[in-house]
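Report on the structure
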Amino acid sequence: MGTVLAPPRSKPPLQRAPRLTRLQRLRRRGIESYLFTLPVVIVFVVLFAIPLAQSFYYSLTDFNGYSTDADFVGLANYTTIWQDSSMLSALGFTLVFTVGTTAAITALAIPLALVLNRKFFGRNLVRSVFFFPSVVSVAILGLVWGFIFAPLGTGVINSIIGWFGAEPIAWLAEPTLAKLSVIIVAVWGGTGWHAVLYLAYLQAIPSEFYEAAGIDGATRWQQFRYLTLPLLIPAMTVSQLLLLTGGLKVYDLPYTLTGGGPGFATRTLTQSIIENGIAQGEVGKASALSVVFFVAVGLIIVAQLALARRLESRFS
Amino acid sequence: MSPSNAPRLTRRAVGRIAAAAAVAAPAAGTLAACGGGSDPNAITFLSWDNAEVMGPVIAQFEKENPDYRVEAQYAPPVAGYIQKLQTQLGSNSAPDVFIITAENKHQLMDGGFVQDLSDESWAANLNDTAVATYTQDGKLYGSAISAWAGGMVVNLDLVPGEFPTDWEGFIDLCKQLKADGTVPYMEAVGGMTDTFCAFLGMQNLAYGGTMDQQIWDGDLTFEEAWTPAAQAWYRLFEEGILDSSAAGLTGDLVLPEFQQGRLAVMTTGSWGISGITGGAPDLNFEFKAVPGFEGQPYWSGAVSPGLALNAKAKHPDAAKVFLKWMSTEPGVSFYQEANQFISTTKDYEPELPEQLGDLVAAVQNGEYYLPATSWIDNNDALSTEANALVQQLATGEIEPADVGKGLDAKLASLQ
């Protein structure tokens, strides 16, 4: 009996798909998915896109926050902000604060997370202690540390160094020391929180990796350098993104600790924007600063993410 | 109706209801925020004092005026208050009565946001300095019922003799105290201090009381007017009475030193007396005017924020009843007794602590000066700059003449 061969398959003739209305296309894609994103889109538009567009518009006017008839002034506000020494000082300190806190917290949080990941008696208590500073309001931290850094001999730190015969130090009165003091408090308050973030990533690394590395003869340092650190790159990306954005926007801690002083030493960009825009009635100028600030933050974040991606691909 | 019989909502009906709710919710919120509504005797009020301070005062007003009720909102001074008021004025939802102060008076008066109160019967009850502070082009835009002054607070046990009235005498006194092992003087240099402002007040007198007007008219510069005062103040640092750590001090750090008898002289405002007596009820102290570097001793100080009537007040008649009560004896006496400020209205003589000494008469006679409230415009921008410059002078970053130069540059950039 001969084999009956199946007829060769041929492509079915192309049929023009019926033209769908926009609603039908939406339904086909699943209208629910669009509806679920709607609240977020509304929040984004109302609380971000519209205020951003308004800020850009105000930055081109002499709007003072009260009178509704503001005049168009072109780019005059953008020129003015670069002529104001206090603004430049604020920009400088904001960058120093951001870079300083990001570097210091990253350098301290990773070793701290490694320690907290080990098994030891009272581990949960120690984790809570390190996490605690991030729970307290930053404004309260600023006030409390104001007493700790008090320039009088009765200040907490000056009392301690006084036991060793040293003279009181004017922590918050000398510009460089004041900047350093603000960064120290920010690092103290943020290290525990970021250590917990790294801890979460550390706990996701399978223990078999370390067992295999140990069998291959890798030392503790080699395990950290070639196993732990590469696997922590995604955590570093998240942590540093938060630190960079938080650092660039910082306001409450320097304000409560030093009020932006002495002089303009610890003034931040956000403080300048708030003071110009609200108290001084220069909404146009403050809006111009906000727009420049927004663009600068965006560029820094894009650069940071690009760098993080390169690092991830290099270590993966 | 049983559930099975209930009409079933179609998808379109659900969509319509959701859309209506989305529109109605913010609208309802806005209306609720406006308050006052249709009740002509409801007065909306944005308070600068918190509810703890202002709540009993409002309750007393409503008790004495049972036909009226006050719907109060609260916002803390200064930036938070101004931001809230700005937003409300911009959205045409500002309350009937709100606070006018040095930081916003020019915007409010120039923008036509406040009503002229000159013709109100009770306006004559206000102190002349208070009237001048909130008057523009002959129209009164705020009712300020109190003022404050600041100067030196002296521990009379550590400084038993006559307190000097001239600056050289004060410097000598501090040197003597220091040589005897007593901390003579502390000043929290968070910006322009009471001493610095009092010196500027002395300069203002030397220029016939029109120093700031002359600066704004271009007949005088900050450098010319301020440098003698800055030089006199800087002598505290040159003579070793203060050092740069003063720029890191706050009033909260200095106060315990004074309360515990470790400090002979400090500075504060009249409002600080309850803080001193609260922690040291038996301390023997008295307020003294800042010794004069040229001429008579003087005080720093300013008229307190005033109550203003919204130009678009929904219930202006009711609001005027509230303003009258707050600006005359019944309201002033209750507010004064509750909060221990120095009232300056003509129909009420407050009972005040004897430690205030000559300060009370100075307040009631308007013998005080504060740059931030005396400047012609851009008060807050200049104040921020001046505070930073004075701190820089304290830390030795700049010279006394640079304070005035910096303000001249700032004023030029603002104009």
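Residues numbered from 1 in each chain as written. Chains lettered and ligands numbered in written order. Predicted model: local features only at pLDDT ≥ 70, side-chain atom pairs only at ≥ 80, totals over all residues. Heavy atoms only, no water.

With that out of the way, let us pick up the overall build of chain B. The secondary structure content of chain B amounts to 17 helices and 13 strands. Principal-axis analysis of the C-alpha atoms gives chain B an extent of 95 × 50 × 45 Å. Considering chain B as a whole, with its 415 residues, one finds that 52% of them fall into the buried category. Surface exposure of chain B reaches about 17800 Å², of which carbon and sulfur atoms provide 50%. Taken together, the 21 basic and 52 acidic charged side chains of chain B have centroids lying 18 Å from each other. (Helix = DSSP H or I, 4+ residues; strand = E, 2+ residues; numbered from the N terminus. Buried < 20%, exposed > 50% of the residue type's maximum accessible area, 1.4 Å probe, protein only. Areas by Shrake-Rupley, 256 points an atom, 1.4 Å probe, with all protein chains shown as cover. Lys, Arg positive; Asp, Glu negative; His and termini not counted. Charge placed at Lys NZ, Arg CZ, Asp CG, Glu CD.)

Looking now at the packing of helix H9 (residues 222-238) of chain B against helix H17 (residues 400-414) of chain B. All names here are of chain B. Their axes nearest at 7 Å, the elements H9 and H17 cross at an angle of 145 degrees. Judged by the sense of rotation from one axis to the other, the crossing of H9 with H17 is right-handed. Only Pro-400, Ala-401, Val-403, Gly-404, Lys-405, Leu-407, Asp-408 and Leu-411 of H17 make contact with H9, whose side of the interface consists of Phe-222, Glu-223, Trp-226, Thr-227, Ala-230, Gln-231 and Tyr-234. When grouped by side-chain class, the residues that make up the contact of H9 with H17 number 9 nonpolar, 3 polar and 3 charged. (Axes fitted to C-alpha atoms, helices over the stretch in contact; angles between N-to-C directions. Left-handed = near helix turned anticlockwise from the far one by under 90°. Contact = heavy atoms within 4.5 Å. Nonpolar A, V, L, I, M, F, W, Y, C, P; charged D, E, K, R; others polar.)

Residues and elements named next belong to chain A. Those residues of helix H6 (residues 138-148) that fall on the buried side of the exposure criterion are Leu-141, Gly-142, Trp-145, Gly-146 and Ile-148. Angularly, the buried residues of H6 cover 155 degrees about the axis, an arc narrow enough to put them on a single face. Those residues of H6 that are buried are in contact with helix H7 (156-163), helix H8 (175-203) and helix H12 (252-258). For H6, the capping residue at the N-terminal end is Ser-137, with a side-chain oxygen 3.2 Å from the backbone nitrogen of Ala-139. (Arc of directions from axis to C-beta. Polar contact = N/O pair within 3.5 Å; in protein donor to acceptor, adjacent residues only side chain to side chain.)

Each partner contributes residues to the interface: chain B has 32 residues there, and chain A has 28 residues. The contact between chain B and chain A buries some 2500 Å² in all, and 63% of this surface belongs to carbon and sulfur atoms. Taken as a group, B:Gln86, B:Gln107 and B:Leu253 account for 22% of the area that chain B buries against chain A, more than any other trio of residues on that side. The tally of links between chain B and chain A comes to 1 residue pair in polar contact (both at pLDDT 80 or more). At the level of secondary structure, the elements contributing two or more residues to the side of chain B that touches chain A comprise helix H3 (79-90), helix H4 (105-110), helix H10 (251-259), helix H16 (379-394) and H17 of chain B. At 7 residues, H16(B) tops the list of elements feeding residues into the side of chain B that touches chain A. (Buried area = accessible area lost by both parts, 1.4 Å probe.)

Residues and elements named next belong to chain B. All chains considered together, the criterion is met by 9 salt bridges over all chains. In this structure, Lys-320 engages Glu-120 in a salt bridge whose closest nitrogen and oxygen atoms are separated by 3.4 Å. Here Lys-320 is found in helix H12 (residues 316-327), whereas its partner Glu-120 is found in the loop between H4 and helix H5 (128-133), with 200 residues between them in sequence. Relative accessible area serves as the criterion here: at 25%, Lys-320 is assigned to the partly exposed category. On the accessibility criterion, Glu-120 (19% relative accessible area) is buried. A salt bridge links Lys-346 to Asp-128; its shortest N-O distance comes to 3.6 Å. Placement of the pair is Lys-346 in the loop between strand E12 (342-343) and helix H14 (359-364) and Asp-128 in helix H5, with a sequence separation of 218 residues. (Salt bridge = Lys/Arg side-chain N within 4 Å of Asp/Glu carboxyl O.)

B:Phe98 and B:Leu108 are the most contacted members of the largest nonpolar core, which has 76 residues in total. Counting residues domain by domain, this core receives three or more from each of domain 1 (36-145 + 304-346) and domain 2 (148-302 + 357-414) of chain B. Apart from the residues lying within four places of it in its own chain, the contact partners of B:Leu108 are A:Tyr66, B:Leu85, B:Leu89, B:Phe98, B:Ile99, B:Ile100, B:Phe113 and B:Val114. Listed in part, the 61 residues of the second largest apolar core include A:Ala173, B:Ala232, B:Leu236 and B:Leu370. (Core = buried A, V, L, I, M, F, W, Y, C linked by side-chain atoms within 4.5 Å. Domains from an automatic or database assignment.)

Moving on to the domain arrangement of chain B. All names here are of chain B. With domains assigned, chain B is organised as domain 1 (36-145 + 304-346) and domain 2 (148-302 + 357-414). For domain 1 versus domain 2, the separation of C-alpha centres amounts to 30 Å. In this assembly, 10 residues from domain 1 lie in contact with 15 residues from domain 2. Interface area for domain 1 against domain 2, summed over the two sides, is near 900 Å², with a carbon-plus-sulfur share of 56%. Inspection of the region where domain 1 meets domain 2 yields 0 salt bridges. Run the count over domain 1 and domain 2 and you get 2 residue pairs in polar contact (both at pLDDT 80 or more).

What follows covers the pairing of strand E8 (residues 263-269) of chain B. Residues and elements named next belong to chain B. The buried count for E8 comes to 7 of 7 residues, which makes it a mostly enclosed element. In this structure, strand E7 (residues 183-186) lies alongside E8, joined through 3 bridges in parallel fashion. Note on E8: the bridge partner recorded for Met-186 is Met-266. (Pairing = 2+ DSSP bridges.)

Cross-referencing UniProt, the feature "transmembrane region" (unreviewed entry) maps to residues 34-57, 90-116, 128-148, 180-205, 226-248 and 286-307 of chain A in the present numbering. With 100% helix and 0% strand, the stretch residues 286-307 of chain A has end C-alpha atoms that lie 31 Å from each other. (UniProt positions renumbered as here; feature names shortened; annotations may be inferred.)

The phi angle of most residues is negative, glycine excepted, and most peptide bonds adopt the trans form. Cis geometry marks the peptide bond from A:Gly261 to A:Pro262, where omega comes out at 0 degrees. Looking at the element boundaries, A:Pro262 is found in the loop between H12 and helix H13 (269-279). Residues other than glycine seldom take positive phi values, yet B:Asn92 does so here, at roughly 60 degrees. The class for B:Asn92 is partly exposed, based on a relative accessible area of 49%.

Another aspect to go through is the environment of A:Gln271. All names here are of chain A. Along the chain, the position of Gln-271 falls in helix H13. A relative accessible area of 1% means that Gln-271 is categorised as buried. On a C-alpha basis, the gap between Gln-271 and Asp-252 in space is 8.6 Å, while along the polypeptide they are 19 residues apart. Residues contacting Gln-271, with those up to four places away along its chain left out, are Tyr-251, Tyr-255, Gly-259, Gly-260 and Thr-266. Within the structure, Gln-271 has its side chain in polar contact with the backbone oxygen of Gly-259 (distance 3.4 Å).

Residue and element names in this part refer to chain A. In contact at an axis separation of 7 Å, helix H5 (residues 123-131) and H8 are set at 135 degrees when each is read in the N-to-C sense. In terms of axis orientation, H5 runs oblique to H8. Residues Arg-127, Phe-130 and Phe-131 of H5 form the contact with H8, whose own contacting residues are Gly-192, Trp-193, Val-196, Leu-199 and Gln-203. (Parallel < 35°, antiparallel > 145°, perpendicular 65-115°, else oblique.)

Residue and element names in this part refer to chain B. On the surface, Glu-64, Glu-329, Glu-337, Asp-347 and Glu-351 cluster together into a negatively charged patch. Tracing the backbone through its elements, the reader meets Asp-347 in the loop between E12 and H14. Overall, the relative accessible area of 34% leaves Asp-347 in the partly exposed class. (Patch = residues over 30% accessible without salt bridge, like charges linked within 9 Å, V, L, I, M, F, W, Y side chains within 5 Å.)

Now for the environment of B:Ala308. Residues and elements named next belong to chain B. Topologically, Ala-308 is positioned in strand E11 (residues 306-309). When the C-alpha atoms of Ala-308 and Leu-323 are compared, they prove to be 8.3 Å apart, with 15 residues separating the residues in sequence. Aside from chain neighbours lying at most four places away, what touches Ala-308 is Asp-96, Val-97, Phe-98, Ile-100, Val-114 and Tyr-141.

What follows is about the state of the cysteines. All names here are of chain B. Summed over all chains, the structure comprises 0 disulfides over all chains. Cys-174 takes part in no disulfide bond, and the closest cysteine sulfur to it belongs to Cys-197, at a distance of 19 Å. For Cys-174, a relative accessible area of 0% gives the class buried. For Cys-197, a relative accessible area of 2% gives the class buried. (Disulfide = S-S within 2.5 Å.)

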